[in-house]
Amino acid sequence: MNCIIVDDEPVARKGMKSLVEQIPQLTLVGSFNNAIAASAYINEYTVDLIFLDIQMPGITGIEFAQSIPVNTLIVFTTAYAEYALDSYEVSAIDYLVKPIEMNRFLKAVNKAIAYHKLLLSETAERVEEIQEEYIFIKSERRYIKINFSDILFIEGLKDYSILQLEDQRVITKMNLKNIHEQLPAKQFLRINKSYIVNSSRIDSFDTNDIFIKSYEIGIGGGNYKKTFFEEFVAKNLQKD
């Protein structure tokens with residue numbers, strides 16, 4: 001994967017460069033101290049992954065991310081954990097808080113590699129039919145049945161939706177808004193701009209995050225948080 005670093009701090013760029021160079025699947029093709037220079041580069045050359053700082057003078061990382069091509073993945077890097085929810089607004093696949101540890105960096109890179117393969121495979125399935133308890137997806141000449149109970153969550157990736165199952169991911173040619181409108185509201189909750197969770201698969205939660213197996217997903221603010229606590233928390237507490 002061709003990747004670039006965009007960060008206004010020289011020390012941060014140097015640290016990220018050191019991490020990238022330890023991963024054989026990554027090729028660092030550019031390092032920039034501002035979004036304008038990075039934008040000019042990606043308009044001419046193929047970039048698969050951007051390690052992008054959020055707080056930069058001029059054009060911020062969030063603003064820059066809104067103009068990045070569909071097949072270019074984004075991992076935010078920042079010193080401020082409170083910006084995590086903002087990353088969901090622009091379909092960033094991960095969010096790293098500085099100083100970045102190698103094991104956390106590897107987790108983000110592995111996800112980027114997996115998503116890159118999905119986007120390049122050209123085998124994104126079409127949602128053919130959604131029933132009361134399952135979804136049918138058409139892949140080539142076959143119809144694949146996926147039970148709702150097997151879906152942990154659904155992640156939006158620009159024009160696609162990725163269904164996370166127990167042991168695999170399925171990418172579909174339908175954006176998150178459209179697939180959410182067709183799913184049973186009693187079972188699937190949209191908890192931020194980029195994620196829909198299967199409420200029956202939630203293992204635990206706190207005021208900010210939902211935990212499903214090894215996955216941690218942030219709860220958005222405003223109506224997302226209000227809906228989650230009204231539709232899931234209140235109803236489940238009433239059962240007790």
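Relevant structure appears above.
Residues numbered from 1 in each chain as written. Predicted model: local features only at pLDDT ≥ 70, side-chain atom pairs only at ≥ 80, totals over all residues. Heavy atoms only, no water.

Caption draft 1: Representation of the nonpolar core. Counting residues in hydrophobic clusters, the biggest one holds 26 residues, and the most contacted among them are Met16, Leu26, Leu49, Phe51, Leu73 and Phe105. Looking at this core, the elements with two or more residues in it are strand 1 (2-6), helix 1 (10-20), strand 3 (49-53), strand 4 (73-78) and helix 5 (102-120). In terms of residue count, helix 5 provides more of this core than any other element does, 8 residues in total. Once you skip the residues sitting within four places of it in the chain, Leu26 turns out to touch Met1, Cys3, Val20, Leu49, Phe51, Phe105 and Val109. Counting 21 residues, the second largest nonpolar core, distinct from the first, contains Ala35, Ala38, Leu52 and Tyr95. (Core = buried A, V, L, I, M, F, W, Y, C linked by side-chain atoms within 4.5 Å. Buried < 20%, exposed > 50% of the residue type's maximum accessible area, 1.4 Å probe, protein only. Helix = DSSP H or I, 4+ residues; strand = E, 2+ residues; numbered from the N terminus. Contact = heavy atoms within 4.5 Å.)

Caption draft 2: Highlighting helix 1. Where helix 1 is concerned, the buried positions are Ala12, Arg13, Met16, Leu19 and Val20. Angularly, the buried residues of helix 1 cover 120° about the axis, an arc narrow enough to put them on a single face. In helix 1, the exposed residues that point more than 90 degrees away from the buried face are Pro10, Val11 and Lys14. Next to the buried residues of helix 1 lie strand 1, strand 2 (27-32), strand 3, strand 4 and helix 5. (Arc of directions from axis to C-beta.)

Scope: geometric values only; no functional claims are made or implied.
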